[in-house]
Amino acid sequence: LPGFPRNVAAYDEFMQARAAAELRTEEGGLEAIAHMETAVALEPESGLLWYHLGRAYSLTVFGTLGELDMDKAEAALAQARMLAPEMPELFIHDITILSNEGRLLEADAALKQYFSEQTTTAFLENSIYARFLMRTGNMDSGLVYAQRARRLEPLDIDNNLALTVALMNLGRYDEALTEME
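Residues numbered from 1 in each chain as written. Predicted model: local features only at pLDDT ≥ 70, side-chain atom pairs only at ≥ 80, totals over all residues. Heavy atoms only, no water.

Engineer: Residue-level account of the overall build of the protein, with values.
Structural biologist: Of regular secondary structure, the protein possesses ten helices and zero strands. Along its sequence from the N terminus, the protein presents helices and strands in the succession α-α-α-α-α-α-α-α-α-α. Seen through its principal axes, the protein has C-alpha atoms that stretch 50 × 35 × 30 Å. By the burial criterion, 40% of the 181 residues in the protein qualify as buried. In the protein, the share of contacts with a sequence separation of at least 24, taken over all contacts with a separation of at least 6, comes to 51%. Accessible surface, the protein: about 10,200 Å² in total, of which carbon and sulfur atoms supply 56%. For the protein, the distance from the average position of its 14 positive side-chain charges to the average position of its 29 negative side-chain charges is 6 Å. (Helix = DSSP H or I, 4+ residues; strand = E, 2+ residues; numbered from the N terminus. Buried < 20%, exposed > 50% of the residue type's maximum accessible area, 1.4 Å probe, protein only. Contact = heavy atoms within 4.5 Å. Areas by Shrake-Rupley, 256 points an atom, 1.4 Å probe, with all protein chains shown as cover. Lys, Arg positive; Asp, Glu negative; His and termini not counted. Charge placed at Lys NZ, Arg CZ, Asp CG, Glu CD.)

Engineer: Help me get a handle on helix α2 (residues 26-42), residues and values and all.
Structural biologist: Between its first and last C-alpha, α2 extends 25 Å over 17 residues, near the 24 Å set by a 1.5 Å rise per residue. In this fold, the buried residues of α2 make contact with α1 (8-21) and α3 (47-59). (Expected span 1.5 Å × (residues − 1).)

As structure tokens, this is what we get:
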């Protein structure tokens, strides 16, 4: 896999960072940053670790980040792009930025091109595209991608919530209730 860590200790730090980030608290975000900084120090040639360090910096949205930390996030993402430019995570990051900037037609075109060129069955891409389609009002298509993502990663909270919201927006309330159980 492009940029994937080979050092077991670095991978362990990476997994601890992901667990801490899932707490979705300020403390969890700061703990995730600390683990990712350690992981990168252990294996500085891993693009995936640099990518997740950048994400840890940029996703700590609980008021603890200053401008310096956003600079760190951008630097870490640039390092990831240099080490493993073909990493799907970087593409998804770019699509997310286009979407957040309201450049929805560009984001949609890029996502369609990505899916036409990739034979991916990766959870992340399907989940991101599902949420993108739902955001643009295309609930039926978004539901298809959310269901595909669910099959790939059944325990992901964010995707399961998106799936439930799509079902509710489509008037499929019994299915939505079942999803929430």
